[in-house]
Amino acid sequence: MKKVLKTPISAEDLAELKVGDVVYLDGTLVTCRDVAHRRLIELKQDLPVDLEGGAIFHAGPIVREKDDGSFEMVSIGPTTSMRMEKFEREFIKQTGVRLIIGKGGMGPETAAGCQESKAVHAVFPGGCAVVAATKVEAIEGAEWQDLGMPETLWINRVKGFGPLIISIDSHGNNLFEINKKNYNDRKKSVLEKISQEVKFIK
Amino acid sequence: MDKAAAAESLTNTLAKFTAYIGKRLPTDVKVKQAELRKKETNPMAIEIFDVMAENQEAADKLDRPSCQDTGVIQYFIQAGSGFPLLGELESILEGATLGATEIGPLRHNAVESFEEKNTGTNTGSKIPWLDWEIIPGEDYAIVDVYMAGGGCTLPGASTVLMPGQGYEGVAEFVLDVMTSRGLNACPPLLVGVGVSTSAETAARLSKKAILKPVTARNQNEKAAKLEDLLTDGINELGIGPQGLTGDNTVMGVNIESSARHPSTIGVAISTGCWAHRRGQIKINADMSYEILSHEDVKL
């Protein structure tokens, strides 16, 4: 059976989740990326959206403004989460956000933040932006539009949004860090093998 | 057709083509992905491959950009010295970018440096980015369109090695990028490697390398051998689709090279994500065209 998280999300909802688990989201999902993180943490501006128990998406979508002034979600996929590593621990602490969705892994600071504030990071398959857009039922708001289309905080109502692969759980386990160690361990022998074959300078 | 009408017609064609390549992958990439999906044994990787395929079908059916990051638009031009619109091509390509931004619609991805303002049009200082080569004596032009997304642009790197580091150093440089930023860049990747004389010549060649087909093979036997070794070696790391482990991490490794200074080895890497959005179109002197990268296209 599909595991579905619904906003608002509680710490208890996340307690059993482990890295590698696959979940889906129902409820509100707010896009939030580089400049929004910087504004809250470095510039100390209040976020225009309450994220307590909420979910954010590291994403900059393509949105079409309709004639009546409402918005249509055309294409929305995750962006590289690692860019937000610098801010995410503090971001989680200040906002009370529980679910961070993005692409690729995040680092030790975010993992520490997830553990201390009880949140998780999950991966939505990158580049799959039309699949994601079809899970957006409506765009219910748009804040900080001065940042332009990619960086605006788009407030989306989503249904069955996923697959979301848990990459950092609320116990601080970090799937990408575990995997990275394996990749780096293998690299040494791969490089030795290649090096034997490419001694072209003689 | 007079010159103005020809320019308008070509702007229109290239606008439609630029929007088109954001929605449908080139044939070689599509074929390669189906092949990798078939070979894959890791269950997580198989699930991701299937979502990728579902996404491309939905993008085609709904006529939408398959990835929201439609990139900075770059055009790589090989123009015959006798191409009738040689002098107009720069403004035609700017017009094509503006047009594609409406037709796509494309995401607004041109932020003026230092001003730190998104122009909202995908055009700006030197954007769309143009790269020129002149073909002596010919009257046609071949244009490669590339959507340089943020994710696949981030691993880009260039350095200059000392000859003592040799081609072993080239391999190490590529593998280090793969295990750091490469795994977040939406693998399976098309990896372009430039081996040249300085940082910027290697960088340009590495980008040209990802414009070649995923099945391309360098004509130099030693370079082709390094392509194969890197392909197998990177796959052996086990990074897999989306960096979440799997058997297939690259669609291919393409190397482009030039002669170099005896004291330097310039090396660079450019990566193309699985959603490798490039297209190639040949424009004849009479403005008729032929699309070389995608089959069965109606613009």
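Calculation criteria
Residues numbered from 1 in each chain as written. Chains lettered and ligands numbered in written order. Predicted model: local features only at pLDDT ≥ 70, side-chain atom pairs only at ≥ 80, totals over all residues. Helix = DSSP H or I, 4+ residues; strand = E, 2+ residues; numbered from the N terminus. Buried ≥ 20, exposed ≤ 12 C-beta atoms within 10 Å, placed from the backbone. Contact = placed C-beta atoms within 7 Å. Rg over C-alpha atoms; globule rule 2.2 N^0.38 Å. Nonpolar A, V, L, I, M, F, W, Y, C, P; charged D, E, K, R; others polar. Axes fitted to C-alpha atoms, helices over the stretch in contact; angles between N-to-C directions. Left-handed = near helix turned anticlockwise from the far one by under 90°. Pairing = 2+ DSSP bridges. Core = buried A, V, L, I, M, F, W, Y, C linked by C-beta atoms within 7 Å. Domains from an automatic or database assignment. Expected span 1.5 Å × (residues − 1). Parallel < 35°, antiparallel > 145°, perpendicular 65-115°, else oblique.

Engineer: Would you mind showing me how to read the overall build of chain A here?
Structural biologist: Along its length, chain A carries 6 helices and 9 strands. By its C-alpha atoms, chain A is 70 × 40 × 40 Å across when sized along the principal axes. Here chain A holds 202 residues, and the buried ones make up 51% of them. Taking contacts inside chain A between residues at least 6 apart in sequence as the whole, the part at least 24 apart equals 67%.

Engineer: Whenever I open this one, the overall build of chain B confuses me. Can you help?
Structural biologist: For chain B, the helix and strand inventory stands at 8 helices and 11 strands. Relative to the compact-globule value of 19 Å for 299 residues, chain B shows a C-alpha radius of gyration of 19 Å, a close match. Projected onto the principal axes, the alpha-carbon positions of chain B cover approximately 55 × 50 × 40 Å. The burial tally for chain B puts 52% of its 299 residues in the buried class. Considering only residue pairs separated by 6 or more positions, chain B has 79% of its internal contacts joining residues 24 or more positions apart.

Engineer: What exactly am I supposed to notice about the interface of chain A and chain B here?
Structural biologist: Where the parts come together, the accessible area they lose is often given as the size of the interface. Listed per partner, the contact involves 46 residues of chain A and 51 residues of chain B. Contributing elements (two or more residues each) for the side of chain A that touches chain B: β4 (62-65), β5 (71-75), α5 (129-133), β9 (153-168) and α6 (175-197) of chain A. Among the elements that take part in the side of chain A that touches chain B, α6 of chain A stands out by supplying 13 residues, more than any other. Tallied by class, the residues present in the side of chain A that touches chain B amount to 24 nonpolar, 15 polar and 7 charged.

Engineer: Help me out: how do you make sense of the packing of helix α6 (residues 166-179) of chain B against helix α8 (residues 221-237) of chain B in this one?
Structural biologist: The description of two helices packed together rests on the angle between their axes and the distance between the axes. Residue and element names in this part refer to chain B. Here α6 crosses α8 at 35 degrees, and the two axes come no closer than 11 Å. The crossing of α6 and α8 is right-handed. Residues Tyr167, Ala171, Val174, Leu175, Met178 and Thr179 of α6 lie in contact with α8, whose contacting residues are Leu226, Leu230, Gly233, Ile234 and Leu237. Grouping the amino acids of the contact of α6 with α8 by side-chain chemistry returns 9 nonpolar, 2 polar and no charged.

Engineer: Any chance you could explain the sheet that holds strand β1 (residues 72-80) of chain B here in plain terms?
Structural biologist: The strands that make up a sheet pair up through hydrogen bonds in the backbone, lying either parallel or antiparallel. All names here are of chain B. Here we have 5 strands laid out as an open sheet, ordered β4-β1-β5-β10-β11, and mixed in their pairing. Every other strand in the sheet has two partners, leaving β4 (129-135) and β11 (289-291) as the edge strands with one partner each. Along the sheet, successive strands turn relative to each other by an average axial angle of 20 degrees, direction set aside. As judged from the 7 bridges shared by β1 and β4, these two strands associate in the parallel manner.

Engineer: Explain the nonpolar core here, please?
Structural biologist: Note that soluble globular proteins tend to have their nonpolar side chains buried in a common cluster. Ranked by size, the top nonpolar core spans 139 residues in total, and within it Leu99 and Ala122 of chain A together with Val174 of chain B carry the most contacts. Composition of this core by domain shows at least three residues from each of domain 1 (3-23 + 66-149 + 277-291) and domain 2 (151-272) of chain B. With residues near it in sequence (within four places) discarded, Leu99 of chain A still touches Leu5, Ile9, Leu25, Ala55, Ala119, Val120 and Ala122 of chain A.

Engineer: Help me understand the domain arrangement of chain B in this model?
Structural biologist: All names here are of chain B. We note that the domain assignment places domain 1 (3-23 + 66-149 + 277-291) and domain 2 (151-272) within chain B. In this structure, domain 1 and domain 2 have C-alpha centres spaced 26 Å apart. Taken together, the 7 residues of domain 1 in the interface contact 4 residues of domain 2. Take the side of domain 1 that touches domain 2: its biggest share by element is 3 residues, from strand β5 (residues 141-148). Here the residues of the side of domain 1 that touches domain 2 are counted per class, giving 3 nonpolar, 1 polar and 3 charged.

Engineer: Where do I start with helix α4 (residues 89-103) of chain B in this structure?
Structural biologist: Side chains of residues three or four places apart in an α-helix project in the same direction, reflecting 3.6 residues per turn. Here α4 of chain B spans 20 Å end to end across 15 residues, near enough to the 21 Å set by a 1.5 Å rise per residue. For α4 of chain B, every residue scored as buried is listed here: Leu89, Ile92, Leu93, Ala96, Thr97, Ala100 and Thr101 of chain B.

Engineer: Which parts of the structure should I look at to understand the sheet that holds strand β6 (residues 157-161) of chain B?
Structural biologist: Residue and element names in this part refer to chain B. Taking strand neighbours across the sheet as the criterion, the 4 strands line up as β6-β9-β7-β8 in an open arrangement whose pairing is mixed. Because the sheet does not close on itself, it has two edges, and the strands there are β6 and β8 (250-257). Strand-to-strand twist of the sheet, defined as the mean angle between neighbouring strand axes without regard to direction, takes the value 15 degrees. Across 7 bridges, strand β7 (residues 189-196) lies against strand β9 (residues 265-272) in antiparallel orientation. For Leu190, the partnering residue across the bridge sits in β9 and is Gly272.

Engineer: Got a minute to help me understand the pairing of strand β2 (residues 22-31) of chain A in this structure?
Structural biologist: Looking along a regular strand, one sees the side chains alternate between the two faces of the sheet. All names here are of chain A. Note: strand β1 (residues 3-6) against β2, 4 bridges, orientation parallel. Along β2, the bridge assignment pairs Val4 with Tyr24. Bridge analysis of β2 against β9 gives 7 bridges, and the strand direction is antiparallel. Looking at β9, one finds that Val30 is bridged to Ile155. Pairing analysis gives 3 bridges linking β2 to strand β3 (residues 55-57), with the strands arranged parallel. What sits directly across from Thr31, in β3, is Phe57.

Engineer: Just to check I follow, could you spell out unusual backbone geometry for this structure?
Structural biologist: Negative phi is the rule for most residues except glycine; trans is the rule for most peptide bonds. Residue Pro8 of chain A follows Thr7 of chain A across a cis peptide bond; omega there is -5 degrees. A cis amide bond, omega 10 degrees, links Ile127 of chain B with the succeeding residue Pro128 of chain B. By the secondary structure assignment, Pro128 of chain B is in the loop between β3 (117-118) and β4. In the Ramachandran plot, Trp144 of chain A falls in the positive-phi region, its phi being about 55 degrees despite a non-glycine side chain. Mapped onto the fold, Trp144 of chain A is located in the loop between β8 (136-143) and β9. You will see that Asp63 of chain B, though not glycine, has its phi angle at about 55 degrees, which is positive.

Engineer: Just checking my understanding: could you explain the packing of helix α1 (residues 3-21) of chain B against α4 of chain B for this structure?
Structural biologist: Residues and elements named next belong to chain B. Here α1 crosses α4 at 45 degrees, and the two axes come no closer than 7 Å. Relative to α4, the element α1 is oriented oblique. Here α1 runs over α4; the crossing is right-handed. In contact with Ala7, Leu10, Thr11, Asn12, Leu14, Ala15, Lys16, Thr18 and Ala19 of α1, α4 contributes Ile92, Leu93, Gly95, Ala96, Thr97, Gly99, Ala100 and Ile103. A class-by-class count of the residues in the contact of α1 with α4 yields 10 nonpolar, 6 polar and 1 charged.

Engineer: Would you mind going over the environment of Pro108 of chain A with me for this structure?
Structural biologist: Note on placement: Pro108 of chain A falls in helix α4 (residues 108-117). Note: C-alpha distance between Pro108 of chain A and Glu85 of chain A (23 residues apart in sequence) is 8.5 Å.

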